[in-house]
Amino acid sequence: MSNLFLPFRRFLLGFVFVLLFALSGNCQKMELFVDAGMSASLFQVEHIDNVSSGLASFTLRGGVYFDVFNSEKLRLVVEGMLFNRKYNFEIPGEEFKYRFFTAQVPILINYQATEWIYLEAGISGALYDARLVTNNPDAQIGSGFTHYDLGVLAGVQIALGERFLVGTRANIHFMPMLTFDEIGPFGELNRGEKDLYYRSVELFLRYRFKF
Amino acid sequence: MRTTFFLCFLVGLLQGCSYMESYNSDPLDPRLPEYTAFGANAAGAYVDDTPWRTVCTAFGDECIGRELSYNDSTNKTVFLFPSGNLGSGNSTFERRARIRFVIDGNLIEDLIQGPGLFPVRIALDGTESYGEIWFWNGSDWDICNGGVGEFYVRELFGDFDRFVVAGTFGFVIDNSCGLHRIESGRYDFRFNEFF
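Residues numbered from 1 in each chain as written. Chains lettered and ligands numbered in written order. Predicted model: local features only at pLDDT ≥ 70, side-chain atom pairs only at ≥ 80, totals over all residues.

**Focus on the environment of Ser25 of chain B**
The line we're drawing: In this text, helices come from DSSP runs of H or I with a minimum length of four residues, and strands from runs of E with a minimum of two, each type numbered from the N-terminal end. Residue pairs are scored as contacts if the distance between their C-beta atoms, which are placed from the backbone, is within 7 Å.
With respect to the secondary-structure elements, Ser25 of chain B resides in the loop between β1 (23-24) and β2 (42-47). Along the chain, Ser25 of chain B and Leu86 of chain B lie 61 residues apart, while their C-alpha atoms are 16 Å from each other. Apart from the residues lying within four places of it in its own chain, the contact partners of Ser25 of chain B are Leu132, Ala139, Gln140, Ile141 and Gly142 of chain A together with Pro30, Pro33 and Glu34 of chain B.

Written out as structure tokens, the structure reads:
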């Protein structure tokens with residue numbers, strides 16, 4: 001049962017970190033937001049065959065947005081988001097879906113290029129929990145999945161009135177999501193191999209709850 | 001009240017039994033168990049590129065179907081894995097196989113009483129030490145022996161009364177039985193006694 005709450009606990013820790021960061025930096029504005037959009041998750045895979053990658057999927061995520069620093073054109077923004085990373089291991093007759101419940105905290109520099117267009121770029125930290133969904137009742141997820149990630153992201157947002165934004169972002173994460181021991185044809189063991197690097201391209205519509 | 005306790009006991013027992021048949025999947029191919037060394041009572045390999053997996057039906061610590069024995073007269077150690085499915089998890093009983101190793105000498109005694117340096121690599125030369133693949137033909141086992149390759153013991157801990165042995169393997173059979181490749185094998189078994 002405790003595993004069920006593990007990702008939430010991690011997210012709360014991240015959230016507290018963001019909150020402290022925002023408060024210490026004289027946070028000027030806080031907003032809640034909901035994003036709905038299409039996301040293409042791209043897993044860079046070297047060792048694993050039959051992994052579906054680049055599949056577009058509908059993503060609904062929610063989060064909190066802190067406007068930490070605000071000048072005429074530049075803002076420092078911290079976001080906290082919850083969503084799922086996912087890929088499928090495709091074998092005829094069997095279904096293995098890997099799901100990574102992710103809490104992501106991007107820290108972005110946001111530049112107002114025109115009245116309605118914002119450019120953004122920054123770094124991102126993520127914590128996630130790996131789960132296996134399968135029609136094989138005996139299979140449990142094995143070990144080797146790591147639980148954190150670091151990356152960079154860049155994007156564009158266009159304001160559609162006071163509460164709506166449409167945006168696009170590209171995420172590149174650097175940490176291997178999987179560390180494993182590879183067993184060769186004759187039983188030779190290559191320990192500590194690393195694989196599964198996460199990339200994503202997303203298009204989203206954001207609704208902002210203003211206080 | 002007694003009925004409730006009995007039902008709880010029954011549900012707990014059934015859950016316990018099903019749990020013992022589950023396995024931790026290999027992250028590279030979840031159809032196979034991952035390599036472990038804690039007594040998972042599981043083994044897996046690719047048999048002619050088809051995944052083969054065996055997970056003991058176990059009651060308590062006892063794993064049914066695997067054998068590890070030493071024969072004084074032949075000076076051979078025999079390690080037989082339980083029967084397992086070939087192919088997907090929905091394979092029929094006819095698509096079953098077993099893997100057996102015949103190894104020269106008293107392997108377990110040598111390892112338990114030895115210096116404890118692992119991994120130990122045992123060359124399967126096809127004659128003194130070799131691997132076998134058994135295929136179920138619907139009424140009996142078709143046995144192909146003389147496999148040439150490697151058998152690794154990567155972990156062995158405990159004593160003669162209770163020990164865990166785990167490792168990896170791979171071998172090729174190319175004789176009158178045909179060409180069979182058993183690749184990327186892994187095993188992890190717990191034993192309560194050694195004969």
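Text resumes after the structure shown.
**Brief notes about the interface of chain B and chain A**
We count it as follows: Polarity classes work like this: nonpolar for Ala, Val, Leu, Ile, Met, Phe, Trp, Tyr, Cys and Pro, charged for Asp, Glu, Lys and Arg, and polar for all others, with Gly in that last group. When DSSP finds two or more bridges between a pair of strands, those strands are recorded as paired.
Taken residue by residue, the interface counts 27 residues in chain B and 27 residues in chain A. Among the elements of the structure, β1, β12 (141-159), β13 (162-175) and β14 (178-191) of chain B are those that each provide at least two residues to the side of chain B that touches chain A. For the side of chain B that touches chain A, the per-class residue count stands at nine nonpolar, 11 polar and seven charged. Direction of pairing for strand β6 (residues 139-140) of chain A relative to β1 of chain B: parallel, over a ladder of two bridges.

**Observations regarding the nonpolar core**
What counts here: Take the buried Ala, Val, Leu, Ile, Met, Phe, Trp, Tyr and Cys residues, join any whose C-beta atoms are within 7 Å, and the set you get is a nonpolar core. Working definition of burial: number of other C-beta atoms within 10 Å of the residue's own, with buried at 20 or more, exposed at 12 or fewer, and partly exposed in between, all C-beta atoms being placed from the backbone.
Grouped together as the largest cluster of nonpolar side chains are 38 residues, with contacts concentrated most on Val47, Ile103, Ile133, Phe151, Val165 and Ile182 of chain B. When residues of this core are assigned to their parent elements, the largest contribution, six residues, is made by β13 of chain B. Setting aside residues no more than four positions away along its own chain, Ile133 of chain B makes contact with Val47, Ala97, Ile99, Cys144, Ile173, His180 and Ile182 of chain B. By size, the runner-up hydrophobic cluster in this structure holds 18 residues, among which are Tyr98, Phe100, Leu127 and Leu178 of chain A.

**What about the environment of Phe101 of chain B?**
All names here are of chain B. Along the chain, the position of Phe101 falls in strand β9 (residues 96-104). It is 8.5 Å that separates the C-alpha atoms of Phe101 and Phe151, two residues lying 50 residues apart in sequence. Sequence-distant contacts of Phe101, that is, excluding residues within four places in its chain, are made with Phe79, Gly131 and Phe151.

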